[in-house]
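Survey of secondary and tertiary structure
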Amino acid sequence: MLAGLGLLIVIGFMTLIMTRKASPFTALVLVPLIVGLFAAIMGYGDFGANDISKFAIAGITSNPDLNIKGVAGTAIMLLFAILYFGLMLSAGLFNPLTSVIVKMVKGDPLKILVGTAILALGVSVDGDGSTTTLVVCSAMIPIYKRLNMKMMDLAVIIILANQIMNLLPWGGPTARIIAALRVDEGALMRAIIPGMIMASIWVVAVAIWRGLAERKRLGIHAIGQDELNAIISDAQGDTSLARPKMVWFNFLLTAVLMVLLIFGGTWGIPKVSSALIFAIGIAIAFIVNYPSQKDQRQIIELYGSSAVQVIFMVLAAGVFMGILAGTGMSSAMGEALSTWIPERFGSHWPFIVALVSVPGTFFLSNDAFYLGVLPVLNEVGIQHGFSAMDIAIASTAGQAFHLLSPLVGFIYLLLNLTGVDMGKWQIQSAKWAIGIFVFFLLGMFGISGVPF
């Protein structure tokens, strides 16, 4: 019954947002609350109506006693990250990059989309979707607007690239797999890298395909020097807060922050919380670029509203997952997910795990699937003669679709910046993500030697 109620929450939420009967924030908060209270009143779980509010708050703030990890840390990180990159945008850190891109693409939509793919793949190495979104959107949105290109293509390319690079150990899923199955990190990475490389080439191919379509629709825009200057000016926006003399300092500061984010805890580099990294970055950037408190307040006012909108969605997702986890619906759905697979499919268990990981990582958080469901799937695999490494590698396939889930906080930042409809974006992204999934499978079963 708990598994059925959990599925009802997920379906109810998806139905409301896909049919636009409710905003994602409203659906994320009210649907689990209503279903959770119903379950408590009907006695379907070992919890009461008063516990529902505790689960909801725990989903935000964390509660070790309830074994619920909250989203407060993510929300705080997003707040500081959005303000930091907003500050850098105003200071003009991305102005030279935008100028170079505009000059190189020369108004050709094909080159612009390929450039978007390469930039997104490169920036996504840090493993953080919000960082990728902020950097790529800051550099590319002015160009897309000026040439009347489709923002949908920008939003799709960014998420496709980030879904691949999110598999790097510091991105999240891989770390959870290692913790759950105790497999060797180096061996796991070596096994999934071939699929990641092929999938990255696929993203560039998608950019070429969409670029050719946009070139056919818009043509190649011959940009004269005056228009080139106008595009660069539009991309740079209000220059009253620009600090062109601080570009190299800001670049080095940002590079240091990225190194701490990516390599913290390795090579003797201290491990620092991502929220604290961006908080320190803002403090230093304020001192160097905007020592005046008046300018600092202006920066906060400029980008604070965007930060609040995104944080609202992240906190709402925390309520959603807190109730699912606290009531036991997440674990019940996980158990049901693993038992629905017929025993006769045991000889192809890694392939089954790869298939199960798609809905598993879409409807559940990475924590819920990799820490709750994957150990169960692994036990079944071991019974059929497969190793934990085989199951670990196979479970990464679902990441081809994971970031399309409404439970992923930073996608609301991406949708907010590009202004695209969530439902249409999910459909368009999923269409191309099938290719990523296929290449992940080819990499793990065809090159890395995972038994099919």
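It should be noted that the structure appears before, not after, this text.
All of the points below concern the structure found in this document. Because the structure is a prediction, the values reported are computed rather than measured. (Residues numbered from 1 in each chain as written. Predicted model: local features only at pLDDT ≥ 70, side-chain atom pairs only at ≥ 80, totals over all residues. Heavy atoms only, no water.)

Summing up its helical and strand segments, the chain has 21 helices and zero strands in all. Residue burial in the chain is summarised as follows: out of 452 residues, 55% are buried. The long-range fraction of contacts in the chain, counting pairs at least 24 apart against all pairs at least 6 apart in sequence, stands at 77%. Accessible surface computed for the chain: about 19200 Å², of which carbon and sulfur atoms make up 66%. (Helix = DSSP H or I, 4+ residues; strand = E, 2+ residues; numbered from the N terminus. Buried < 20%, exposed > 50% of the residue type's maximum accessible area, 1.4 Å probe, protein only. Contact = heavy atoms within 4.5 Å. Areas by Shrake-Rupley, 256 points an atom, 1.4 Å probe, with all protein chains shown as cover.)

On to the pattern of salt bridges. Proximity of charged atoms lets side chains of opposite charge pair with each other. Taken as a whole and judged by the stated rule, the model has five salt bridges. A salt bridge links Lys-54 to Asp-51; the shortest N-O distance between them is 3.8 Å. Placement of both Lys-54 and Asp-51 in helix H3 (residues 49-61) is noted, with a separation of three residues, approximately one turn of the helix. With a relative accessible area of 23%, Asp-51 lands in the partly exposed category. As a salt-bridge pair, Asp-153 and Arg-210 come within 2.9 Å of each other at their nearest N and O atoms. With a gap of 57 residues between them, Asp-153 in helix H8 (residues 151-165) and Arg-210 in helix H10 (residues 185-218) connect regions that are remote in the sequence. (Salt bridge = Lys/Arg side-chain N within 4 Å of Asp/Glu carboxyl O.)

Our focus in this paragraph is a nonpolar patch on the surface. A cluster of nonpolar residues, Met-1, Leu-37, Phe-38, Ile-41, Met-42 and Tyr-44, forms a patch on the protein surface that exposes about 620 Å² of accessible area. Residue position: Met-42 is located in helix H2 (residues 24-42). Judged by relative accessible area, Met-42 falls into the partly exposed class, the value being 44%. (Patch = residues over 30% accessible without salt bridge, like charges linked within 9 Å, V, L, I, M, F, W, Y side chains within 5 Å.)

Closest axis-to-axis distance for the helix H16 (residues 349-363)/helix H18 (residues 388-395) pair is 8 Å, and the angle between their directions is 30°. Handedness of the H16/H18 crossing: right-handed. For the pair formed by H16 and H18, the contact residues are Trp-349, Pro-350, Val-353, Ala-354 and Ser-357 on the first element and Asp-390, Ile-391, Ala-394 and Ser-395 on the second. When grouped by side-chain class, the residues that make up the contact of H16 with H18 number six nonpolar, two polar and one charged. (Axes fitted to C-alpha atoms, helices over the stretch in contact; angles between N-to-C directions. Left-handed = near helix turned anticlockwise from the far one by under 90°. Nonpolar A, V, L, I, M, F, W, Y, C, P; charged D, E, K, R; others polar.)

Looking now at the side chain of Ser-200. On the secondary structure map, Ser-200 appears in helix H10. Exposure remark for Ser-200: the relative accessible area of 13% places this residue in the buried category. Setting aside chain neighbours within four positions, we find Ser-200 in contact with Leu-121, Ile-164 and Met-165.

The next subject is unusual backbone geometry. The backbone of Ser-62 sits at a positive phi, close to 85°, despite the residue not being glycine. The residue Ser-62 is located in the loop between H3 and helix H4 (72-91) in this model. With a relative accessible area of 34%, Ser-62 lands in the partly exposed category.

The subject of this paragraph is the packing of H4 against helix H13 (residues 274-289). Between H4 and H13, the least distance of the axes is 8 Å, while the angle of their chain directions is 25°. In this view, H4 runs roughly parallel relative to H13, as classed from their interaxial angle. You can see that H4 and H13 cross each other, and the crossing is left-handed. Seen from H4, the contacting residues are Gly-73, Ile-76, Met-77, Phe-80, Ala-81, Leu-83, Tyr-84, Phe-85, Leu-87, Met-88 and Ala-91; seen from H13, they are Ser-274, Ala-275, Phe-278, Ala-279, Gly-281, Ile-282, Ala-285, Phe-286 and Asn-289. (Parallel < 35°, antiparallel > 145°, perpendicular 65-115°, else oblique.)

Here we come to the packing of aromatic side chains. Per the counting criterion, the structure on display carries nine aromatic pairs. Taken together, a centroid distance of 5.8 Å and an interplanar angle of 85° make the contact between Trp-248 and Phe-251 edge-to-face. On the criterion of helical spacing, the pair formed by Trp-248 and Phe-251 is a turn pair, its members being three residues apart in helix H12 (residues 247-263). Aromatic pair Phe-401 and Phe-437: ring centres 6.0 Å apart, planes at 55°, arrangement tilted. Taken together, the positions of Phe-401 in helix H19 (residues 399-402) and Phe-437 in helix H21 (residues 422-447) put the pair 36 residues apart, joining distant regions of the chain. The pair formed by Phe-401 and Phe-437 is uniform in burial state, with each residue classed as buried. Members of the aromatic cluster, connected to one another through ring pairs, are Trp-202, Trp-432 and Phe-439. (Phe/Tyr/Trp six-rings, centres within 6.5 Å; stacked < 30°, edge-to-face > 60°.)

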